[in-house]
Amino acid sequence: MAEGAPGPAPAWRNIDELAELVGAYCWLEHRVFELAGAWASGGAGGDDVAAAAALQVWCAAASRRHGALAARWAERLPVRAGVDPAELVRAPAGPLAGALEALADGSGGPGPVGALVAAVLPRVGGIYGAHLASASPVSEGSVLEVLVEARRVLAGEIRGGQALLEALPGAAEGGAGLGEAIERAFDATRVFPAVRAS
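Presented here is a report on the structure given in the accompanying data block. Keep in mind the model is a prediction, meaning the values are calculated, not measured. (Residues numbered from 1 in each chain as written. Predicted model: local features only at pLDDT ≥ 70, side-chain atom pairs only at ≥ 80, totals over all residues. Heavy atoms only, no water.)

1. Some thoughts on the pattern of salt bridges
Where we set the bar: Put simply, a salt bridge is a Lys or Arg side-chain nitrogen that is within 4 Å of an Asp or Glu carboxyl oxygen. Secondary structure follows DSSP: runs of H or I at least 4 residues long count as helices, runs of E at least 2 residues long count as strands, and numbering of each begins at the N terminus. Throughout this description, buried means an accessible area under 20% of the type-specific maximum (1.4 Å probe, protein chains only), exposed means over 50%, and partly exposed covers the range between.
Taken as a whole and judged by the stated rule, the model has eight salt bridges. A salt bridge links Glu-149 to Arg-72, with the nearest nitrogen and oxygen atoms 1.8 Å apart. Of this pair, Glu-149 sits in helix α5 (residues 141-166) while Arg-72 sits in helix α2 (residues 49-75), and the two are 77 residues apart along the sequence. What makes Glu-149 partly exposed here is its relative accessible area of 24%. Overall, Arg-72 belongs to the buried group, its relative accessible area being 19%. Between Arg-76 and Glu-75 there is a salt bridge whose closest N-O contact spans 3.3 Å.

2. Focus: the packing of helix α1 (residues 15-42) against helix α4 (residues 110-134)
Pairs of packed helices are described in terms of their axes, by the angle between the two and the distance that separates them. The criterion, for reference: Angular values range over 0 to 180 degrees, each being the angle between N-to-C directions of two axes fitted as lines to C-alpha atoms, with helices fitted over their stretch in contact. Geometric relationships in this document are graded by angle, where less than 35 degrees denotes roughly parallel, more than 145 denotes roughly antiparallel, 65 to 115 denotes roughly perpendicular, and other angles denote oblique. For any helix crossing, the convention is left-handed if the near helix is rotated counterclockwise from the far helix by under a right angle, and right-handed if that rotation is clockwise. The contact definition used throughout considers only heavy atoms, calling two residues in contact when any of these lie within 4.5 Å. Polarity classes work like this: nonpolar for Ala, Val, Leu, Ile, Met, Phe, Trp, Tyr, Cys and Pro, charged for Asp, Glu, Lys and Arg, and polar for all others, with Gly in that last group.
Packing of α1 against α4 leaves a shortest axis separation of 12 Å and a crossing angle of 160 degrees. Between α1 and α4, the crossing angle belongs to the class labelled roughly antiparallel. For the pair α1 and α4, the crossing hand works out as left-handed. In this structure, α1 contributes Leu-18, Leu-21, Tyr-25, Leu-28, Glu-29, Val-32 and Trp-39 to the contact, and α4 contributes Pro-112, Val-113, Leu-116, Val-120, Leu-121, Val-124, Ile-127, Tyr-128 and His-131. Residues that form the contact of α1 with α4 fall into these classes: 14 nonpolar, one polar and one charged.

3. Considerations on the nonpolar core
Put simply, the rule reads: Side-chain atoms within 4.5 Å link the members of a nonpolar core, which is a set of buried Ala, Val, Leu, Ile, Met, Phe, Trp, Tyr and Cys residues.
In terms of nonpolar packing, the biggest core is built from 53 residues, with Trp-58, Trp-73, Tyr-128 and Phe-192 touching the most fellow members. For this core, the elements supplying multiple residues, two or more each, are α1, α2, α3 (96-104), α4, α5 and α6 (171-188). In terms of residues, this core owes the most to one element, α1, which gives 14 residues. Non-local contacts of Tyr-128, meaning those with residues more than four positions away in its chain, are made with Tyr-25, Glu-29, Trp-73, Leu-147, Ala-150, Arg-151 and Leu-154.

So, in structure tokens, the structure goes:
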């Protein structure tokens, strides 16, 4: 494509497709809210007490932010006769729910939090970026607003989480296997625009 040429036209999503995406986003943000909240209340592990406490505070703040994003997505679920918006909030078909459940089974120590920071949050940011690039400002204006905000939140969380994890020995190694499993699960989950086969 020549420089300065307009990009591809945004994809037109019908209301059912948009409802499926927004419902999956709401579910995903709520799941991150639950994970980070459990880790904040249960301790983030590690031998360095100060670093572990800082990571626990980071988890609490991340939980709050993702809870707020889940609520913003819930506000954007379509309201139609005969359709309960709460029933639209569900895990997408595929292995992602199981992979996040495996992450939840972790103690919340540096390994699972590292997988959240290195695998989950960047993948969610990529999904939101792909949707943002393909969204129609006419039919998805309110969704675009949340996508922009969520990408900003995710970028800050990734930076902050990486900085905290660097102070905790074993964080990268402990989360590597979990992170790889999560990345495979995102790749195999086809509802999201960033992972659809072209």
